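# Structural characterization, general
Take a look at the letters that make up each chain.
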Amino acid sequence: MKENKQKMYDSYQENVDYITDRLAVDKSFDIIKLDLEYAETKMAMFMIDGFAKDDIMHLLMKYLSKLEPEDLKPDPLAKLLKTYIPYMEIDQQDNLNQATDAVLAGTTALVVEGVNKIIMIDARTYPVRSSEEPDLERVVRGSRDGYVETIVFNTALTRRRVRDRSLRMEYLQIGRRSKTDICVCYLEDIADGEKVDELKKILESIDTDGLPMAEKTIEEYLSSRHWNPYPSIRYTERPDTAAAHLYEGHILVIIDGSPSVMITPATFWHHMQHAEEYRQKPMVGAYLRIVRFIAVLFSIIVLPLYYLFSANPDLLPSGLDFIGPNDAGVIPLIVQFLIAELGLDMLRMAAIHTPTSLATALGLVAAIMIGQVSVEVGWFTNEVILYIATAAIGSYATPSYEMSMANRLTRIFLLLTTAAFGVAGYALGITIWIIYITKMKVFHIPYFWPFMPFSYKAFRDILIRTPIPLKNRRPTFLNPQDPDR
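These numbers were taken from a predicted model, which means no experiment stands behind them. Every chain is numbered independently, its residues counted from 1 as its sequence is written. A pLDDT threshold of at least 70 governs which residues receive local features in this predicted model, and a stricter bar of 80 or more applies before side-chain atom pairs are shown or counted, although totals over entire chains, interfaces and linings include all residues. Based on all heavy atoms of the structure, the side-chain values leave hydrogens and waters out of the count.

### Details of the overall build of the protein
Each helix and strand counted, the protein has 15 helices and 12 strands in total. For 485 residues, the compact-globule estimate of 2.2 N^0.38 gives 23 Å, and the protein exceeds it by more than 25% at 29 Å. With respect to the three principal axes, the spread of C-alpha positions in the protein is 105 × 55 × 40 Å. Only protein chains enter the calculation, and the probe is 1.4 Å; a residue is then buried if its accessible area is under 20% of its type maximum, exposed if over 50%, and partly exposed in between. By residue count, 48% of the 485 residues in the protein fall in the buried class. Every residue pair with non-hydrogen atoms within 4.5 Å of one another is taken to be in contact. Taking the intrachain contacts of the protein between residues at least 6 apart in sequence as the baseline, contacts between residues at least 24 apart amount to 64%. Numbering of helices and strands runs from the N terminus; a helix is a DSSP stretch of H or I covering at least four residues, while a strand is a stretch of E covering at least two. Computation of the radius of gyration draws on C-alpha atoms, with the globule rule given as 2.2 Å multiplied by the number of residues to the power 0.38.

### Structural notes on a negative patch on the surface
Judged by side-chain charge, Asp 10, Glu 14, Asp 17, Asp 21 and Asp 26 come together as a negatively charged surface patch. Judged by its relative accessible area of 40%, Asp 17 falls in the partly exposed class. Only residues above 30% relative accessible area that lack a salt bridge enter a patch, with like-charged residues linked at up to 9 Å and the nonpolar side chains Val, Leu, Ile, Met, Phe, Trp and Tyr linked at up to 5 Å. Per-residue accessibility takes into account occlusion by the displayed protein chains alone, with areas from the Shrake-Rupley method and a 1.4 Å probe. Should a side-chain nitrogen of Lys or Arg be within 4 Å of a carboxyl oxygen of Asp or Glu, the pair is scored as a salt bridge. Counted as positive: Lys and Arg. Counted as negative: Asp and Glu, with His and the chain ends omitted from the count. By convention, the charge on Lys lies at NZ, on Arg at CZ, on Asp at CG and on Glu at CD.

### Observations concerning the sheet that holds strand 10 (residues 261–264)
Criterion used throughout: strands pair if DSSP finds at least two bridges between them. In spatial order, the strands read 6-7-9-10-8; together these 5 strands make up an open sheet with antiparallel pairing. Each edge of the sheet is formed by a strand with only one pairing partner; in this case those strands are strand 6 (167–174) and strand 8 (234–236). Along the sheet, successive strands turn relative to each other by an average axial angle of 25°, direction set aside. Axis angles are defined between N-to-C directions and span 0 to 180 degrees, where every axis is a line fitted to C-alpha atoms and, for a helix, only to the segment in contact. Running at roughly 20° to strand 10, helix 7 (residues 215–222) makes contact with strand 6, strand 8, strand 9 (251–255) and strand 10 of the sheet.

### A word on the packing of aromatic side chains
What counts as a ring pair is set by centres within 6.5 Å for rings of Phe, Tyr and Trp (its six-membered ring), and what kind of pair is set by the plane angle: stacked under 30 degrees, edge-to-face over 60, tilted for all other angles. Scanning the entire structure with this criterion turns up 15 aromatic pairs. Relative to Phe 477, the ring of Trp 449 lies with its centre 4.7 Å away and its plane at 45°, an arrangement referred to as tilted. Here Phe 477 lies in the segment after helix 15 (456–463) and Trp 449 lies in the loop between strand 12 (445–446) and helix 15, a separation of 28 residues in the sequence.

### A short note on unusual backbone geometry
The omega angle of the peptide bond from Trp 449 to Pro 450 is 10°, so this bond is cis rather than trans. Following the sequence through the fold, Pro 450 ends up in the loop between strand 12 and helix 15. Cis geometry is found at the peptide bond from Met 452 to Pro 453, where omega equals 0°. Of note in this structure, Ala 214 is not a glycine but carries a positive phi near 50°. Residue class for Ala 214 comes out buried when judged on its relative accessible area of 8%. Phi angles above zero are rare outside glycine, and Asn 479 is one such case at about 50°. For Asn 479, the location among the structural elements is in the segment after helix 15. Among the residues examined, Asn 479 registers a relative accessible area of 45% and is labelled partly exposed.

### Comments concerning the nonpolar core
Counting 43 residues, the largest nonpolar core has Leu 203, Ile 218 and Tyr 230 as its most contacted members. Contributing elements (two or more residues each) for this core: strand 6, strand 7 (180–187), helix 6 (193–204), helix 7, strand 9, helix 10 (282–311), helix 14 (401–439) and helix 15. Contacts of Tyr 230, omitting those with residues within four sequence positions, involve Phe 268, Met 403, Ala 406, Asn 407, Thr 410, Trp 433, Ile 437, Met 440 and Tyr 447. Counting 23 residues, the second-largest nonpolar core is a separate cluster that includes Met 47, Leu 67, Leu 80 and Leu 110. The set of buried Ala, Val, Leu, Ile, Met, Phe, Trp, Tyr and Cys residues whose side-chain atoms join them within 4.5 Å is what this entry labels a nonpolar core.

### Section: the side chain of Asp 145
Relative to the helices and strands, Asp 145 resides in the loop between strand 5 (118–121) and helix 5 (151–161). By the criterion applied in these results, polar contacts are pairs of N or O atoms within 3.5 Å in which, for protein atoms, one can donate a hydrogen and the other can accept it, and in which residues neighboring in sequence qualify only through two side-chain atoms. Reaching out from Asp 145, the side chain makes a polar contact with the side chain of Arg 161 at a distance of 3.0 Å. If we skip the residues at most four places from it in the chain, Asp 145 touches Ser 131, Glu 132, Glu 133, Pro 134, Leu 157, Arg 160, Arg 161 and Pro 239.

### A few points about the pairing of strand 6
Across 8 bridges, the pairing between strand 6 and strand 7 is antiparallel. For Gln 173, the partnering residue across the bridge sits in strand 7 and is Asp 181. Between strand 6 and strand 7, which pair antiparallel one after the other, the connecting turn spans 5 residues, and Gly 175 there sits at a positive phi close to 110°.

### Here we look at a nonpolar patch on the surface
Taken together, the side chains of Ile 290, Ile 294, Leu 297, Phe 298, Leu 463 and Ile 464 define a hydrophobic patch exposed on the protein surface, amounting to about 490 Å² of accessible area. Sorting elements by how many residues they give to the nonpolar patch places helix 10 first, with 4 residues. Mapped onto the elements, Ile 464 comes out in the segment after helix 15. For Ile 464, a relative accessible area of 40% puts it in the partly exposed group.

### Describing the sheet that holds strand 5
Spatially, 5 strands are ordered 1-2-4-5-3 in an open sheet, and the strand pairing comes out antiparallel. Single-partner strands in this sheet number two, and they are strand 1 (31–38) and strand 3 (90–93). Direction aside, neighbouring strands of the sheet carry axes that sit 25° apart on average. Sitting on the sheet, helix 1 (residues 12–23) is in contact with strand 1, strand 2 (41–48), strand 4 (108–112) and strand 5, with an inclination near 15° to strand 2.

### A look at the pattern of salt bridges
If you walk through the whole model with that rule in mind, you get 29 salt bridges. With its nearest N and O atoms 2.7 Å apart, the salt bridge here joins Lys 216 to Glu 219. Note that Lys 216 and Glu 219 are positioned in helix 7 at a spacing of 3 residues, about one turn of the helix. With a shortest N-O distance of 2.3 Å, Arg 473 and Asp 484 are connected by a salt bridge. Residue Arg 473 is found in the segment after helix 15, and its partner Asp 484 is found in the segment after helix 15; the two are separated by 11 residues along the sequence. For Arg 473, a relative accessible area of 43% translates into the label partly exposed. For Asp 484, a relative accessible area of 38% puts it in the partly exposed group.

### Considering the side chain of Ser 143
Examined against the element boundaries, Ser 143 turns out to sit in the loop between strand 5 and helix 5. Judged by relative accessible area, which is 19%, Ser 143 ranks as buried. Those residues in contact with Ser 143 that sit more than four places away from it in its chain are Glu 133, Arg 161, Arg 238, Asp 240 and Arg 279.

### Concerning helix 2 (residues 54–65)
Compared with the 16 Å implied by 1.5 Å per residue over 12 residues, the 16 Å span of helix 2 between its first and last C-alpha is a close match. All buried positions along helix 2 are accounted for by Ile 56, Met 57, Leu 60 and Leu 64. Projected down its long axis, helix 2 shows its buried positions confined to an angular sector of 95°, all on one face. Exposed residues lying more than 90 degrees from the buried face of helix 2 are Asp 54, Asp 55 and His 58. Looking at the buried residues of helix 2, the elements they touch are strand 1, strand 2, helix 3 (76–84), strand 4 and strand 5. Helices are assigned an expected span. That span is 1.5 Å times one less than the residue count. Our arc is simply the arc of the directions from the helix axis toward the C-beta atoms.

This is the structure:
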């Protein structure tokens, strides 16, 4: 929803009073209003304490204090903009509402008597942490920098790796009240223009007060299936990963206040990729990818399959009759699995809220005390602990945290269908899961591409990490303008 435009008044004092009232200067201690007089001309400066760079503003005020009345003639606005305010990021504004919104975002507004425009000085700085390697996307070899919570830093980290004249950084603001800064980033010569226009149209149509959860709020507007646990957007905190996707033809959404950059469109298999695979030799990277796929597959099917064999031992061939608990324990097996699943999530949440210095101790307590004692008192069997641990390792081996949580819900769903209907329930659950994710679409693109619809060459590149010199074509599902690398 666009805000009404308020043009500047003819009176200097009316303009100052309007901005003062709109910013509620007398009600917020961090909003600064300076009443100045330079060259026998009244001026008013509005800024936010903590956003404005004190040294730059002090230097500009020193230049203005040396002005004489004749220095501003015949055109005070042109003289100030081109001569007496020596700063790079300077603009003019005739909309009082937009000027006040810019002040709240950190820009300094200078109102000058006799000038029909407000001078906007973008001398702002934001509190920001240092660029560090993301915890969820660590690599053995590779860059150690990562995105931070400030949009300008993130765009600079991206442009540092993509020195292409066709790189576009388009600015948007979302949120009637929050006015959150958004950047849509893409390579104009590669990305599909229709997808870029569609994404911007969706972003511009978002009508909400603010984005308190930043990128997650945006994702819920971009995704048409709100109750679907599978992620439709890939996130990364690594600039090199984001740059690699830009060269393929993807579109990035960078949001101020979030260290995670959104990559769209993204299929199921994009959530299975990790930068480590491309930081090793092709053979090693291919091996790591296959191991990761096996781990993720195990995290979904092993628990329900073990329960199926335990409940129906006649399904096992003679060589595998050791599978299944010797003593089922006092608690039904399906209840043991459900309790263990809930316990894992409880431990995960406890680890998140535990200080780093105590996290290792918490892990030891959970692994030794809880696991061992629960077996001794008869709550769990040893096999349940083993297979739950196998599923947990597979979940943690999933590069995408969102994908691992979706797979965990799928595992619980398969457990319940197997417990309720046996062999038919297991087969039905697997079938429903496959149909569900193959029918999904992200920006009109099949979520399970290139497995469904099948594309041999594309699926081969996904299943096995192909050497970079042999990957001379961009993914066809992105419809890139330049298909050759």
